[in-house]
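Below are the chains, spelled out letter by letter.
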Amino acid sequence: MAERLGLDVDWVEGDWRRGVDPDKVAAVLRSDPSIAAVMVVHNETSTGVTSRIAEIREAIDAAGSEALLLVDTISSLGSIDYRHDEWGVDVTVGCSQKGLMLPAGLGFNAVSDKARAASERARLPRSYWDWKPILEANQAGFWPYTSATNLLYGLREAIAMLREEGLENVYARHRRHAEATRAAVHAWGLEVLCADEREYSASLTAVVVPDGVDADEVRRVILERFDMSLGAGLGKLAGRVFRIGHLGDFNDLMLAGTLCGVEMGLRIAGVPVGDGVEAALGRLALEPVAV
Ligand SMILES: Cc1ncc(COP(=O)(O)O)c(C=O)c1O
């Protein structure tokens with residue numbers, strides 16, 4: 001997107017199994033002090049890897065850089081602990097359709113004073129997404145354009161639900177479901193795509209299928225037989241992984257059903273697997289939480 005907007009983007013390649021490497025960020029910033037912003041996805045939905053945002057901020061500061069830190073929290077907001085102010089993020093982007101349990105259609109920006117000042121100086125053309133008229137209308141409690149009113153009613157209820165449960169409990173629920181999912185993956189004899197346990201995602205798990213197995217064929221079987229849709233591997237991971245989502249409005253029974261569907265589907269697709277569901281239920285029983 002930034003490239004299409006005419007910005008000069010320096011891609012820092014990773015191997016898709018680890019999050020953004022704070023040391024690499026610092027090295028790139030040291031090599032080019034004119035870099036204006038660092039753009040990072042907090043929870044990478046295509047791989048199930050959660051980058052360490054606080055450490056990336058520290059790396060930016062340690063490099064003596066003035067770069068803004070821009071973070072996409074679309075698949076972590078309301079599911080994984082995230083701290084815009086405490087971690088010194090300049091722009092956080094969130095949306096309605098994942099942890100907030102709503103249809104797609106609302107977007108949110110949290111903006112630091114530094115980012116607002118940069119936006120005043122910026123020369124890129126903009127219109128609908130310009131913060132200025134939005135902030136001015138917000139002073140009076142309004143939105144300058146046509147509001148997605150139905151979604152705002154939904155948002156009010158979603159936030160009430162999250163508050164009722166307590167954010168810490170919501171995060172713990174997703175962490176526990178992610179741990180149980182990984183227990184299933186290991187018992188199946190398969191591999192979790194994320195290679196660094198500090199960066200395991202609590203909102204989804206990407207599972208690597210054995211060589212010679214087509215993950216999309218496994219997904220097709222599961223969709224046809226059980227009407228359950230799993231996320232596909234994207235880009236270079238197409239056919240190599242499938243993704244199990246465990247975010248939002250999700251409980252133990254939903255997880256058990258999901259993992260049963262995956263286990264049955266893998267066997268029907270001819271992939272010999274161990275007793276993943278049993279392992280996951282054992283993991284859940286270790287730390288029973290009322291949700
Ligand atoms: C990390 C992340 N960023 C951005 C998006 C939104 O992308 P788009 O609006 O193009 O579907 C998604 C998916 O909803 C996502 O998971």
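Residues numbered from 1 in each chain as written. Predicted model: local features only at pLDDT ≥ 70, side-chain atom pairs only at ≥ 80, totals over all residues. Heavy atoms only, no water.

Colleague: Break down the overall build of the chain for me, citing the residues and quoting the values.
Modeller: On a plain count of helices and strands, the chain comes out with nine helices and 10 strands. Relative to a compact globule of 291 residues, whose C-alpha radius of gyration would be 19 Å, the chain shows 21 Å and is just as compact. Projected onto the principal axes, the alpha-carbon positions of the chain cover approximately 60 × 45 × 35 Å. Relative to its 291 residues, the chain shows a buried fraction of 43%. A separation threshold of at least 6 residues defines the contact pool for the chain, and within that pool the share at least 24 residues apart is 62%. Carbon together with sulfur atoms contributes 54% to the accessible area of the chain, which is approximately 15900 Å² in total. Positive and negative charge centroids in the chain, built from 30 and 43 side chains respectively, lie 2 Å apart. (Helix = DSSP H or I, 4+ residues; strand = E, 2+ residues; numbered from the N terminus. Rg over C-alpha atoms; globule rule 2.2 N^0.38 Å. Buried < 20%, exposed > 50% of the residue type's maximum accessible area, 1.4 Å probe, protein only. Contact = heavy atoms within 4.5 Å. Areas by Shrake-Rupley, 256 points an atom, 1.4 Å probe, with all protein chains shown as cover. Lys, Arg positive; Asp, Glu negative; His and termini not counted. Charge placed at Lys NZ, Arg CZ, Asp CG, Glu CD.)

Colleague: Before we move on, could you go through the environment of Val 111 and cite the residues and values that matter?
Modeller: If you trace the backbone, Val 111 turns up in strand β6 (residues 107-111). For Val 111, a relative accessible area of 26% gives the class partly exposed. In the structure, Val 111 is positioned 20 residues away from Trp 131 in sequence and 9.3 Å away in space, judged by C-alpha atoms. Leaving out residues up to four positions away in the same chain, Val 111 has contacts with His 84, Asp 90, Arg 116 and Trp 131.

Colleague: Tell me about the site of the ligand, and please be specific about residues and values.
Modeller: Taken together, Val 41, Asn 43, Thr 45, Asp 72, Ile 74, Gln 97 and Lys 98 make up the full set of residues adjacent to the ligand. Asp 72 places a polar side-chain atom, nitrogen or oxygen, 2.6 Å from a nitrogen atom of the ligand. In isolation the ligand has 390 Å² of accessible area, and contact with the protein removes 49% of it. Per-class residue counts for the shell around the ligand are two nonpolar, three polar and two charged. (Near = heavy atom within 4 Å. Polar contact = N/O pair within 3.5 Å; in protein donor to acceptor, adjacent residues only side chain to side chain. Nonpolar A, V, L, I, M, F, W, Y, C, P; charged D, E, K, R; others polar.)

Colleague: So, the nonpolar core: which residues are in play, and what are the values?
Modeller: Counting 27 residues, the largest nonpolar core has Trp 188, Leu 230, Phe 242, Ile 244, Leu 259, Val 262 and Leu 266 as its most contacted members. Among the secondary structure elements, those contributing two or more residues to this core are α6 (167-188), α7 (215-226), β10 (241-245), α8 (252-268) and α9 (276-286). Once you skip the residues sitting within four places of it in the chain, Trp 188 turns out to touch Ile 244, Leu 259, Val 262, Glu 263, Leu 266, Pro 272, Val 273, Gly 274, Gly 276 and Val 277. (Core = buried A, V, L, I, M, F, W, Y, C linked by side-chain atoms within 4.5 Å.)

Colleague: Can you explain the packing of aromatic side chains? Please cite residues and give values.
Modeller: Summed over all chains, the structure comprises five aromatic pairs. Ring centres 6.4 Å apart and planes at 70° place the aromatic pair Tyr 128 and Trp 143 in the edge-to-face group. Of this pair, Tyr 128 sits in the loop between α3 (113-121) and α4 (131-139) while Trp 143 sits in the loop between α4 and α5 (149-165); the two residues are 15 residues apart in sequence, bridging distant segments of the chain. Classification of Trp 143 by relative accessible area gives partly exposed; the value is 32%. A centroid spacing of 5.8 Å and a plane angle of 85° characterise the contact between Trp 143 and Tyr 145, whose relative ring orientation is edge-to-face. (Phe/Tyr/Trp six-rings, centres within 6.5 Å; stacked < 30°, edge-to-face > 60°.)

Colleague: Give me a nonpolar patch on the surface: which residues, what numbers.
Modeller: Residues Leu 5, Leu 7 and Leu 124 make up a contiguous nonpolar surface patch of roughly 270 Å² in combined accessible area. With respect to the helices, strands and loops of the structure, Leu 124 is situated in the loop between α3 and α4. Judged by relative accessible area, which is 36%, Leu 124 ranks as partly exposed. (Patch = residues over 30% accessible without salt bridge, like charges linked within 9 Å, V, L, I, M, F, W, Y side chains within 5 Å. Salt bridge = Lys/Arg side-chain N within 4 Å of Asp/Glu carboxyl O.)

Colleague: Break down α5 for me, with residues and values.
Modeller: Given a rise of 1.5 Å per residue, 17 residues ought to cover 24 Å, and the 25 Å separating the end C-alpha atoms of α5 matches this to within 8%. Turning to α5, its buried residues number three or more, namely Leu 151, Leu 155, Ala 158 and Leu 162. Down the axis of α5, the buried set is contained in an arc of 65°. They therefore lie on one face. Residues Asn 150, Tyr 153, Arg 156, Arg 163 and Glu 164 are exposed on α5 and point more than 90 degrees away from its buried face. Looking at the packing, one finds that the buried side of α5 touches β6 and α6. Where α5 terminates, the next one or two residues include Gly 166, which has phi positive at roughly 95°. (Expected span 1.5 Å × (residues − 1). Arc of directions from axis to C-beta.)

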